[in-house]
Amino acid sequence: MTQAPTPTADTVRRLVRSLLRESTAATPGPDVRPVAAGGEHSAWWVGTRYVLRLASDREAAARMRRELRLRDLARPHLPVTVPAGVAHGEWAPGLTCALDVVIPGGTAEEHDVSAVGEADLAGLLTGLREVPVRQAETLGVPRIPPRSLEALRRMAVPAAERLAVADEFDPAPLLHFTSPGAVQLAAQPGTAVLVHHDLKGEHLVVSADGRVRGVLDWTDAAVGDPAEDIAGLALAVGSGAAVRAATLAGYGVRPCLRGLWLARCDAVLRLTDRLDGRDDRPLPLLRTQLRRAWETILLERVSDLRDDDADGQA
């Protein structure tokens, strides 16, 4: 595996000048500073207009190249902004880099999503379903089998009991979610679509008025279970908003409830891992995600899953 050099402000300035084909002697170069958020590649703000991402190894480089192609495929189908690339190349042998235009706005961790923003999320889910799956797979987007909700539930039950001991969570609602209920919410055949697969709060660009303006970081995109993106939204903006957006997008009861329970089990497991030292994500964020995922919604009272929900449509 290629060992990535450590990027510095000077190397980033030189790289940006090269990508933009600017003279290296005319000016001191743009103001650059590292992006605080972690990830599989280093990221740097370049002035106020651009962000530069640097792949850290060959696997990340391959994913970045695939992401650049996928963004072009998905962009015409989506009502929210997908990052636009200004230039790309290699910053070290075999390691790619991409210079993107910054999408103005904050994140879903900084701004609440409004009712109109929920409609933006519905448009995102609708657009993802319209992206041609075969074309995405031709670009190298992997097909991922759906997770077993029953297996996830079995892992989440002892984790919830661990959280109860730490006074972090009341496990009773999870204990009421039984094995037959999880089996009933298994993913249905023939429902795979393009999924972003990492719709966390920091990847949603939200304006101060609550509109969702863009979606970042498409490196984990896959062809798979649409409930995964519903689950991601539940953790990012709350279960109520996620289910309302999915319903507006035409998803029925089964995928909405499946996404809800994926998010709930994931939130329990992640917080438990953090408390036991197996995760380094910030505790406040994980606690917030747990609260969002376990919001009570009216849809939970629905017990009869109609056959027409099998294709994900209402």
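Refer to the structure above for everything that follows.
Each value, and the rule that gives it
- Each chain has its residues counted from 1, following the order in which its sequence is written.
- Whole-chain, interface and lining totals are the exception, using all residues; otherwise, since this is a predicted model, local features are given only for residues with pLDDT of at least 70 and side-chain atom pairs are given and counted only at 80 or more.
- Hydrogens and water molecules were not included; the side-chain quantities draw on all heavy atoms of the structure.
- Here a strand pair is declared whenever DSSP counts at least two bridges between the two strands.
- Secondary structure elements follow DSSP: runs of H or I of four or more residues count as helices, runs of E of two or more count as strands, with numbering from the N terminus.
- Definition of nonpolar core: a set of buried residues of the types Ala, Val, Leu, Ile, Met, Phe, Trp, Tyr and Cys, connected through side-chain atoms within 4.5 Å.
- Here's how the labels work: a residue is buried when its accessible area is under 20% of the maximum for its type, exposed when over 50%, partly exposed in between, all with a 1.4 Å probe on protein chains only.
- Throughout, an axis means a line fitted to C-alpha atoms (over the contacting stretch in the case of helices), and angles, computed between N-to-C directions, take values from 0 to 180 degrees.
- Two helices crossing with the near one rotated counterclockwise from the far one by less than a right angle form a left-handed crossing, whereas a clockwise rotation gives a right-handed crossing.
- Pairs of residues are marked as contacts when any of their non-hydrogen atoms sit within 4.5 Å.
- Three categories are distinguished: nonpolar for Ala, Val, Leu, Ile, Met, Phe, Trp, Tyr, Cys and Pro, charged for Asp, Glu, Lys and Arg, and polar for the others, with Gly belonging to the last.
- Every angle not falling under 35 degrees, over 145, or within 65 to 115 is termed oblique; those three ranges are roughly parallel, roughly antiparallel and roughly perpendicular.
- Only Phe, Tyr and Trp rings are paired, with Trp represented by its six-membered ring, and only when their centres lie within 6.5 Å; those with planes under 30 degrees apart are stacked, over 60 edge-to-face, the remainder tilted.
- Here, a charge over a ring is recorded when the distance from Lys NZ or Arg CZ to the ring centre is within 6 Å and its angle to the ring normal is within 35 degrees.

How should I be thinking about the sheet that holds strand 6 (residues 106–107) in this particular structure?
Sheet strands pair by backbone hydrogen bonding; their relative direction is either parallel or antiparallel. Spatial strand order, 6-8-9: three strands in an open sheet with antiparallel pairing. Both edges of this open sheet fall to strand 6 and strand 9 (212–215), since each of them pairs with a single strand only. Examined bridge by bridge, strand 8 (residues 204–206) and strand 9 share three bridges and lie antiparallel to one another. By the bridge assignment, Val206 is partnered in strand 9 with Val212.

I tried to follow the environment of Arg134 on my own but got confused; where do I start?
Its location among the elements puts Arg134 in helix 4 (residues 133–138). The spacing of Arg134 and Val223 is 89 residues in sequence and 9.3 Å in space, taken between C-alpha atoms.

Quick question: what am I supposed to make of the nonpolar core here?
Generally speaking, soluble globular proteins have nonpolar side chains that are buried together. The biggest cluster of nonpolar side chains holds 75 residues, and the ones touching the most others in it are Leu121, Leu124, Leu174, Leu204, Val237 and Val268. At 12 residues, the largest contribution of residues to this core is made by helix 10 (residues 253–275). Counting 16 residues, the second-largest nonpolar core is a separate cluster that includes Trp44, Leu52, Ala92 and Leu99.

Where do I start with the packing of helix 8 (residues 227–237) against helix 11 (residues 283–293) in this structure?
When two helices pack together, their arrangement is given by the angle between their axes and by how far apart the axes lie. Contact pair helix 8 / helix 11: the axes reach a minimum separation of 7 Å and the direction vectors enclose 115°. Where helix 8 crosses over helix 11, the handedness of that crossing is right-handed. For the pair helix 8 and helix 11, contact is made by Ala234, Leu235, Ala236 and Val237 and by Gln289, Arg292 and Ala293, respectively. Residues of the contact of helix 8 with helix 11, tallied by class, amount to five nonpolar, one polar and one charged.

Honestly, the packing of helix 3 (residues 115–130) against helix 9 (residues 239–248) in this entry has me stumped. Any pointers?
Following both chains from N to C, one finds helix 3 and helix 9 inclined at 55°, their axes separated by 8 Å at the closest point. Taken as axis vectors, helix 3 and helix 9 run oblique relative to one another. The two elements helix 3 and helix 9 meet at a crossing, and its hand is right-handed. In this structure, helix 3 uses Glu118, Ala119, Leu121, Ala122 and Leu125 to contact helix 9, whose residues at the interface are Ala241, Arg244, Ala245, Ala246 and Leu248.

Got a minute to help me understand the packing of aromatic side chains in this structure?
The geometry of an aromatic ring pair is captured by the separation of the ring centres together with the interplanar angle, meaning the angle of the planes. As enumerated under the stated definition, the model contains three aromatic pairs in all. A centroid spacing of 3.9 Å and a plane angle of 10° characterise the contact between Phe177 and Trp261, whose relative ring orientation is stacked. With a gap of 84 residues between them, Phe177 in the loop between helix 6 (172–175) and helix 7 (179–184) and Trp261 in helix 10 connect regions that are remote in the sequence. Accessibility classification places Phe177 together with Trp261 in one group, the buried group. Taking the relative accessible area as the measure of exposure, Trp261 reaches 9% and is therefore buried. An aromatic cluster is present here, built from Phe169, Phe177, Trp261 and Trp294 joined pairwise through their rings. Sitting over the ring of Tyr251, Arg129 keeps its end group 4.6 Å from the ring centre. Of note, Arg264 hangs over the ring of Trp261, and the distance from its end group to the ring centre comes to 4.8 Å.

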